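Remarks on the overall topology
One letter stands for each residue in the lines below.
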Amino acid sequence: MNPLGLRTRLALVFATGFAVLLGLGALGLYLHLARSYQRDFDHGLSDAGRSVRALFQLDRPEFGSAGATAAHVVGELAYGDRTLVAFDSAGTFVAASQRLPGEPYFNDVPATGGGRRLSTIMLRDGPARIIRVPLDGVQVVVAMGTLPLERRLVRLRRSLVTVLPLILVLGAVVGAWGSGLVLRPIVRVADPVFLGLHAAA
């Protein structure tokens, strides 16, 4: 079997190294963007929680009891992609926001569960990210479906899987061409020597 020429071997080394670096870079990019998407998602949910608290404090003097105020708040705040559910101090369901056509409805969120302020749970209409907002003995839970976030991550993965092979092939071609130009004088000298040594062995 004829040995590979120096230029070919260098091109293979370059392509392999480039593929490893590209794969690591793509993985790092994906993890960075996934964390960024999750952070933006949680920020939106936290903003909804702050809106609930602000409206509750604003309307509390008018409605008197915490339960009545919480019921009013979930009725006033309408989000197409989020469900608000109010519970009293005993964990009894008080009220839920209005359901909008074509949107998931998470009024089956439990009154208790999970010590974390933000958590992800499976509900009747699918997985949801929830935030619990304690308000003077009562509680309002804001639930937001995670399917939009998951679809966004799927699109990101598909984009990377589609683009990476093209970049890899282009990089390998450019690397082989560039290495051929740069190493052409060296190859003229090294290839005969290498082939002679290989034949003698």
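Coordinates for the structure precede this section.
Report follows, based on the coordinates. Note that the structure is a prediction, hence the values are computed from the model and not measured.

Criteria and thresholds
- Residues numbered from 1 in each chain as written.
- Predicted model: local features only at pLDDT ≥ 70, side-chain atom pairs only at ≥ 80, totals over all residues.
- Heavy atoms only, no water.
- Salt bridge = Lys/Arg side-chain N within 4 Å of Asp/Glu carboxyl O.
- Helix = DSSP H or I, 4+ residues; strand = E, 2+ residues; numbered from the N terminus.
- Buried < 20%, exposed > 50% of the residue type's maximum accessible area, 1.4 Å probe, protein only.
- Pairing = 2+ DSSP bridges.
- Axes fitted to C-alpha atoms, helices over the stretch in contact; angles between N-to-C directions.

**Things to note about the pattern of salt bridges**
- As enumerated under the stated definition, the model contains seven salt bridges in all.
- Between Asp 47 and Arg 50 there is a salt bridge, with the nearest N and O atoms lying 2.2 Å from each other. You can see Asp 47 and its partner Arg 50 sitting in helix 1 (residues 6-63), three residues apart, about one turn around the helix.
- When its relative accessible area of 49% is taken as the criterion, Arg 50 is described as partly exposed.
- For Arg 60, the salt bridge is made with Asp 136, and the minimal N-O distance between the two is 2.7 Å. Note that Arg 60 is positioned in helix 1 and Asp 136 in the loop between strand 4 (126-135) and strand 5 (138-145), a separation of 76 residues in sequence.
- Assessed through its relative accessible area of 57%, Asp 136 is described here as exposed.

**Section: the sheet that holds strand 4**
- With respect to topology, five strands assemble into an open sheet ordered 2-1-5-4-3, the strand pairing being antiparallel. Only two strands of the sheet have a single partner each, and these edge strands are strand 2 (93-96) and strand 3 (118-123). Recorded for the sheet is a direction-independent mean angle of 30° between the axes of neighbouring strands.
- Strand direction decides the pairing type here: strand 1 (residues 82-87) and strand 5, joined by six bridges, are antiparallel. Residue pairing in the sheet places Leu 84 in a bridge with Val 142 of strand 5.

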